[in-house]
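Breakdown of the fold
So the chains spell out like this:
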Amino acid sequence: MMQVFPTGGTMDTQAVITHIARWLDEYAAQANVKGFVVGVSGGIDSAVVSALAARTGRTTLLLDMPIRQHPGQLERARRHIRNLQRQYANVSAQTVDLTDTFQTFEQTVGTHQTAFDNQPLSLANARSRLRMLTLYYYGQIHGLLVTGTGNKIEDFGVGFFTKYGDGGVDISPIADLTKTQVYRLAEALGVDEAIQKAPPTDGLWDTERTDEEQMGASYPELEWAMGVYGTRKPEDFEGRRREVLEIYTRLHRAMQHKINPIPVCRIPPELLG
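Report on the accompanying structure. Numbering of residues begins from 1 in every chain and follows the order in which that chain's sequence is written. Totals for whole chains, interfaces and linings use every residue, but because this is a predicted model, local features are given only for residues with pLDDT of at least 70 and side-chain atom pairs only at 80 or more, for both listing and counting. Where side-chain values are given, they derive from all heavy atoms of the structure, hydrogens and water being excluded.

With respect to the overall build of the protein chain
The secondary structure listing takes helices from DSSP runs of H or I that are at least 4 residues long and strands from runs of E that are at least 2 residues long, numbered from the N terminus. For the protein chain, the helix and strand inventory stands at 13 helices and 4 strands. To get the radius of gyration, use the C-alpha atoms; to get the globule rule, take the number of residues to the power 0.38 and multiply by 2.2 Å. Against the compact-globule benchmark of 19 Å for 273 residues, the protein chain has a radius of gyration of 20 Å, which places it among compact chains. Along the first, second and third principal axes, the C-alpha atoms of the protein chain reach 55 × 55 × 50 Å. Within the protein chain, buried positions represent 45% of all 273 residues. Between two residues, a contact is recorded if the distance between any of their heavy atoms is within 4.5 Å. The contacts in the protein chain between residues at least 6 apart in sequence include a share of 74% that link residues at least 24 apart. Working note: accessible area of the protein chain is about 14800 Å², and carbon and sulfur atoms make up 52% of it. Under the convention used here, Asp and Glu are negative, Lys and Arg are positive, and both His and the chain ends fall outside the count. Here the site of a charge means NZ on Lys, CZ on Arg, CG on Asp, or CD on Glu. Side-chain charges of the protein chain comprise 28 positive and 32 negative groups, with the mean position of each set lying 2 Å from the other. Burial classes: relative accessible area under 20% of the type maximum marks a residue as buried, over 50% as exposed, and values in between as partly exposed (1.4 Å probe, protein chains only). Accessible areas in this description were obtained via Shrake-Rupley with a 1.4 Å probe; residue shielding takes into account the shown protein chains only.

Notes on the nonpolar core
Residue types Ala, Val, Leu, Ile, Met, Phe, Trp, Tyr and Cys, when buried and joined through side-chain atoms within 4.5 Å, form a set referred to as a nonpolar core. Counting residues in hydrophobic clusters, the biggest one holds 33 residues, and the most contacted among them are V48, L52, L177, L185 and L189. No other element matches the 8 residues that helix α2 (residues 44-55) contributes to this core. With residues near it in sequence (within four places) discarded, L52 still touches I17, I20, A21, L24, I174, L185 and L189. In terms of nonpolar packing, the next biggest core, distinct from the first, is built from 16 residues, F160, M215, F237 and L245 among them.

Concerning the pairing of strand β1 (residues 35-39)
Burial analysis of β1 places 5 of its 5 residues in the buried class, the great majority of the element. Strand pairing follows a simple DSSP-based rule, namely that at least 2 bridges must link the two strands. Note that β1 and strand β2 (residues 59-64) share 5 bridges and pair parallel. Opposite V38, over in β2, you have L62 as the bridge partner. As judged from the 3 bridges shared by β1 and strand β4 (residues 144-146), these two strands associate in the parallel manner.

Considerations on the environment of H80
Relative to the helices and strands, H80 resides in helix α3 (residues 71-87). Owing to a relative accessible area of 4%, H80 belongs among the buried residues under this scheme. Placed 40 residues apart in sequence, H80 and V40 show a C-alpha to C-alpha distance of 8.5 Å. Not counting chain neighbours up to four residues away, the residues in contact with H80 comprise V40, A47, S50 and I195.

Quick word on the packing of aromatic side chains
The aromatic pairing rule takes the rings of Phe, Tyr and Trp, using the six-membered ring of Trp, and pairs them if the centres are within 6.5 Å, calling planes under 30 degrees apart stacked, those over 60 edge-to-face and the rest tilted. For the structure shown, the criterion picks out 4 aromatic pairs. Residues Y229 and Y248 carry aromatic rings whose centres are separated by 5.3 Å and whose planes lie at 65° to one another, so their mutual orientation is edge-to-face. Within this pair, whereas Y229 is found in the loop between α10 (219-228) and α11 (239-254), its partner Y248 is found in helix α11, the two being separated by 19 residues in sequence. Judged by its relative accessible area of 28%, Y229 is partly exposed. Note on Y248: relative accessible area 2%, which makes it buried. Here, a charge over a ring means that NZ of Lys or CZ of Arg falls within 6 Å of the ring centre while also lying within 35 degrees of the ring normal. Seen from the ring of W205, R209 lies directly overhead, with NZ or CZ sitting 3.7 Å from the centre.

Put into structure tokens, the structure is as follows:
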């Protein structure tokens, strides 16, 4: 029997959109910056964040940063950017093709994949970190905030982001929203249907790897697990629910180094003289 993983709850979508756009605008004013720079990937999260940033009326620079990208991802990203440019005069865009730069790095480090089991993942994370570097370059020269696109499940549930990659940002406007809630915002914001229907992927691999394939569970399943984690144990359930909670528990425990402060070795005062 198929098990249902209810996400529950209702949301005043328009009120949330207004709240986030106002929050972005007020934060930019306090930080004395002109606006925002957002990396647009062709996925749902970056589409929603870029649309929210555009609604502030402040300068919004959208960067398309392909690295051997799947053509479908590129087309979705660029169509979304064109749509926002048609709607908002404050939106500008730039394509920064990082393929050659990444390939130079890949050749320079020069290790063979067979020598290190973690090399493919390390190189995938290097793509994300290269994009972070690029976002901060353009953010600094234009006086813009690097605006994160991580949602609550990724950032605080299972750690599905790259440390100092897509996790390296100035502000996180949708980090208190689940993936399901992000989809609701996308519909209300009129995000392109192709983006809404595309399977979520991090776009860090030469082959298409969906988020669900990498994590072993769907976002609705992980949202359910996040809701019961800490009050229920995997052995309290059977079948798929038990499996999903086991997956969530493993991922959540493994990601703590990503969200906890960097450990600092405190030196006893008597040793410092």
